[in-house]
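Tertiary structure, described
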Protein chains: 2
Amino acid sequence: MHNEKVIAAFQGERGAYSEAATVTYFGEGVQPLPRASFEAVFDAVSSSDADRGVIPVENSLAGSIHRNYDLLLRYDLTIVGEVQLRIAHHLIALPGVSLADVRRVYSHPQALAQCEQSLDKLLPHVERVPTYDTAGSVNMLREEGIRDGAAIASRRAADFYEMSVLRDDLEDDPENYTRFLILSRDAVIPDGAAKTSIVFAMDNVPGALFKSLAVFALRDIDLTKIESRPLQGKRWQYFFYIDFAGSVHETHCRNALNHLQEITSFFRILGSYPRGV
Amino acid sequence: MHNEKVIAAFQGERGAYSEAATVTYFGEGVQPLPRASFEAVFDAVSSSDADRGVIPVENSLAGSIHRNYDLLLRYDLTIVGEVQLRIAHHLIALPGVSLADVRRVYSHPQALAQCEQSLDKLLPHVERVPTYDTAGSVNMLREEGIRDGAAIASRRAADFYEMSVLRDDLEDDPENYTRFLILSRDAVIPDGAAKTSIVFAMDNVPGALFKSLAVFALRDIDLTKIESRPLQGKRWQYFFYIDFAGSVHETHCRNALNHLQEITSFFRILGSYPRGV
């Protein structure tokens with residue numbers, strides 16, 4: 001279904017979790033385009049260097065990636081899909097290295113934190129070294145030939161850099177999922193169960209947020225997420241980002257959005273897209 | 001009014017913006033207690049090493065400091081006050097150093113970003129060096145006797161470390177405010193205009209958030225802030241943090257909270273406190 005041959009930009013090095021999400025969504029036929037920053041992913045799609053962008057927006061343990069909410073507002077791209085990836089952290093080393101050889105474990109601080117208890121049991125006296133990213137740590141072990149260290153990263157990173165997996169599933173909490181959005185220059189018309197993302201602002205009057213949610217509740221439209229971000233230049237006022245079940249091509253959703261526009265000072269549809277599983 | 005003699009813990013080094021907020025709230029009679037992390041501030045109050053803690057929760061440009069929302073839930077402290085601080089960034093150097101001597105500007109990445117345009121005009125070819133914190137950069141210039149560098153930090157940092165201010169108010173956007181909460185072990189009964197902070201969770205049913213906001217809207221209670229954080233172990237479910245105008249000692253607010261408890265699966269009052277100006 002998602003097997004169209006596309007160039008998809010993601011943030012990070014080859015083997016990053018964002019690349020794993022890209023392949024999960026588009027299939028192995030995709031051409032992943034690594035970029036150094038989230039902004040560079042948005043730029044790649046805007047400039048047509050990439051057909052699609054894949055950005056993380058939310059982790060089930062750590063919360064929203066607020067930077068990407070700000071970028072969704074700043075760029076004129078549209079959301080055309082979403083995909084959830086289970087974040088499974090593996091302990092990865094050069095081929096031939098055994099657990100007893102490991103003196104240092106390298107990874108992004110969040111990955112190290114998410115494996116803290118497992119590492120305490122498995123490698124109690126080993127130094128933890130925070131690095132810029134997970135897949136980059138695997139690449140570093142390989143490039144520098146480090147045989148007394150291991151990295152925490154995705155299975156994809158182990159495969160890509162031809163490294164060994166010393167231990168599977170090191171994450172303390174298996175309910176560790178990241179939700180990614182697929183960005184495009186052009187909107188899609190979703191088939192089947194859809195989701196819509198919008199962003200709006202309201203004049204700062206009592207009950208404003210309540211009224212904005214009423215347009216959905218009065219039509220039995222289910223909200224799946226609400227996020228607020230500061231409205232630059234207006235102190236303690238906010239942009240609200242809302243995801244709801246349904247598409248702008250369904251009448252009751254279109255009515256709700258028309259109703260919402262009557263009471264908002266700013267309003268934008270970020271996209272209607274097939275609901276991920 | 002806030003001149004009680006107290007020991008108040010804050011995160012950062014002496015001269016940090018959090019220390020400036022502490023002195024703004026309590027007056028110069030306060031004894032500021034610097035701590036390395038937000039967690040250590042919560043620990044200091046919990047263990048009675050400090051009478052109060054002062055934590056930033058929101059910046060008008062950068063948004064919420066989500067880590068502190070998570071810690072409010074994890075610790076059993078209560079909010080007893082709030083204070084807003086205008087963030088004025090100054091260019092600070094050793095006495096005798098002039099603008100023409102400066103080859104490098106040191107500060108926290110967020111402070112560097114908030115002064116980007118001013119720096120481009122004032123010091124176009126000068127290197128920006130990201131550091132751990134603003135006041136710490138001023139201290140570093142002094143300790144290491146760096147005479148070809150300057151730091152961006154608060155006026156308080158310049159005064160504390162006996163350094164010179166080369167330029168005032170370097171921030172690009174003057175609408176730069178941070179809101180801090182005052183933490184204590186014991187609740188207060190606020191006089192005059194009050195605010196209350198709560199946190200709750202609900203079963204994931206359509207319209208749940210709408211119903212929770214209805215308990216306030218139906219009683220004309222003004223919400224000033226809503227924030228969501230992931231509910232650990234329940235994928236894509238959330239804790240909601242709400243601030244509203246009024247105190248738990250006012251009948252209509254108490255009724256609203258009783259009503260809210262009928263429909264929530266988790267509920268906690270984080271504190272009622274005098275509204276900051």
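Being a predicted model, the structure only gives us computed values, none of them experimental.

1. Regarding the nonpolar core
Soluble, globular proteins show a tendency: their nonpolar side chains are buried together. In terms of nonpolar packing, the biggest core is built from 157 residues, with Ala8, Ile92 and Val138 of chain A together with Ala8, Ile92 and Val138 of chain B touching the most fellow members. Discounting residues that sit within four places of it in the chain, Ala8 of chain A has contacts with Thr22, Phe26, Val30, Pro32, Leu33, Ala50, Asp51, Arg52, Gly53 and Val54 of chain A.

2. Quick word on the relation of the copies chain B and chain A
Its rotation angle being 180°, the transformation that places chain B on chain A also includes 0.0 Å of axial translation and leaves an RMSD of 0.0 Å. On this basis, the relationship between the two copies can be described by a two-fold rotation axis. When the interface residues of chain B are mapped onto chain A, 100% of them again fall at the interface, so both copies present the same face.

3. Brief notes about the packing of helix α2 (residues 38-46) of chain A against helix α3 (residues 66-74) of chain A
Residues and elements named next belong to chain A. At a minimum axis separation of 10 Å, α2 and α3 run at an interaxial angle of 30°. In terms of orientation, α2 lies roughly parallel with respect to α3. Where α2 crosses over α3, the handedness of that crossing is right-handed. Contact residues: Phe38, Glu39 and Phe42 in α2; Arg67, Asn68 and Leu71 in α3. Among the residues making up the contact of α2 with α3, the classes are represented as 3 nonpolar, 1 polar and 2 charged.

4. Brief notes about the domain arrangement of chain A
All names here are of chain A. In terms of domain boundaries, chain A breaks down into domain 1 (7-86 + 176-184), domain 2 (90-167) and domain 3 (194-274). Taking the mean C-alpha position of each, domain 1 and domain 2 sit 24 Å from one another. Between domain 1 and domain 2, the residue contacts involve 11 residues of the former and 14 residues of the latter. A breakdown of the residues in the side of domain 1 that touches domain 2 according to their chemical character gives 5 nonpolar, 3 polar and 3 charged.

5. A look at α2 of chain A
Residues and elements named next belong to chain A. The set of residues buried in α2 consists of Phe38, Val41, Phe42, Ala44 and Val45. Down the axis of α2, the buried side of the element spans an arc of 160°, and every buried residue falls inside it. In this fold, the buried residues of α2 make contact with β1 (7-11), β2 (31-35), β3 (52-59), α3 and β11 (177-184). Where α2 terminates, the next one or two residues include Ser48, which has phi positive at roughly 70°.

6. Focus on the packing of helix α8 (residues 208-217) of chain A against helix α8 (residues 208-217) of chain B
At a minimum axis separation of 10 Å, α8 of chain A and α8 of chain B run at an interaxial angle of 140°. Here α8 of chain B runs oblique to α8 of chain A, going by the angle between their axes. Handedness of the crossing formed by α8 of chain A with α8 of chain B: left-handed. The residues of α8 of chain B that touch α8 of chain A, namely those facing Leu209, Phe210, Leu213, Ala214 and Ala217 of chain A, are Leu209, Phe210, Leu213, Ala214 and Ala217 of chain B.

7. Considering the sheet that holds strand β9 (residues 149-153) of chain A
Residues and elements named next belong to chain A. Here 5 strands make up an open sheet; going across it, the order is β8-β7-β9-β6-β10 and the pairing mixed. The two strands at the open ends of the sheet, each matched to only one other strand, are β8 (127-130) and β10 (164-167). Across the sheet, the axes of successive neighbouring strands diverge by a mean angle of 35°, strand direction being ignored. Alignment of strand β7 (residues 104-107) against β8, held across 4 bridges, turns out to be parallel. Its bridge partner lying in β8, Arg104 is registered against Glu127. In this fold helix α6 (residues 134-143) packs onto β6 (90-93), β7 and β9, with an angle of close to 155° to the strand it touches most, β9.

8. Digging into the sheet that holds strand β8 (residues 127-130) of chain B
Strands pair in a sheet through their backbones, by hydrogen bonds, and they do so in one of two ways: parallel or antiparallel. Residue and element names in this part refer to chain B. Within the open sheet, the 5 strands sit side by side as β8-β7-β9-β6-β10. Their pairing is mixed. Edge positions in the sheet fall to β8 and β10 (164-167), since each of these pairs with one other strand and no more. Across the sheet, the mean angle from the axis of one strand to that of its neighbour is 35°, orientation sign disregarded. As defined by bridge partners, strand β6 (residues 90-93) adjoins β10 across 3 bridges and the pair is classed as antiparallel. Considered in β10, the bridge of Leu91 is made with Arg167. Running over the sheet, helix α6 (residues 134-143) touches β6, β7 (104-107) and β9 (149-153) and is turned about 155° from β9.

Calculation criteria
- The residue count restarts for each chain, going from 1 along the sequence in the order it is written.
- Chain letters and ligand numbers both follow the written order, the letters beginning at A and the numbers at 1.
- Residue-level local features of this predicted model are given only where pLDDT is at least 70; pairs of side-chain atoms are given and counted only at 80 or more, and the full residue set underlies all totals for whole chains, interfaces and linings.
- Buried Ala, Val, Leu, Ile, Met, Phe, Trp, Tyr and Cys residues form a nonpolar core when they are connected through C-beta atoms within 7 Å.
- Partly exposed residues are those whose C-beta has more than 12 but fewer than 20 other C-beta atoms within 10 Å; with 20 or more the residue is buried, with 12 or fewer it is exposed, and the C-beta atoms are placed from the backbone.
- Contact between residues is assigned whenever the C-beta positions, reconstructed from backbone atoms, fall within 7 Å.
- For this overlay, a least-squares fit was computed on C-alpha atoms, restricted to residues scoring pLDDT of at least 70 in both copies.
- Every axis in this analysis is a line fitted to C-alpha atoms, fitted for helices over the stretch in contact. Angles between the N-to-C directions lie between 0 and 180 degrees.
- Only runs of H or I of at least four residues qualify as helices and only runs of E of at least two qualify as strands under DSSP, and these elements are numbered from the N terminus.
- Roughly parallel means an angle under 35 degrees; roughly antiparallel, over 145; roughly perpendicular, 65 to 115; everything else is oblique.
- The crossing is said to be left-handed when, going from far helix to near helix, the turn is anticlockwise and less than a right angle, and right-handed when the turn is clockwise.
- Put simply, Ala, Val, Leu, Ile, Met, Phe, Trp, Tyr, Cys and Pro go in the nonpolar bin, Asp, Glu, Lys and Arg in the charged bin, and everything else, Gly too, in the polar bin.
- Note that domain bounds follow an automatic or database assignment of domains.
- Here the arc refers to the directions that run from the helix axis out to each C-beta atom.
- A pair of strands is treated as paired once DSSP finds two or more bridges between them.

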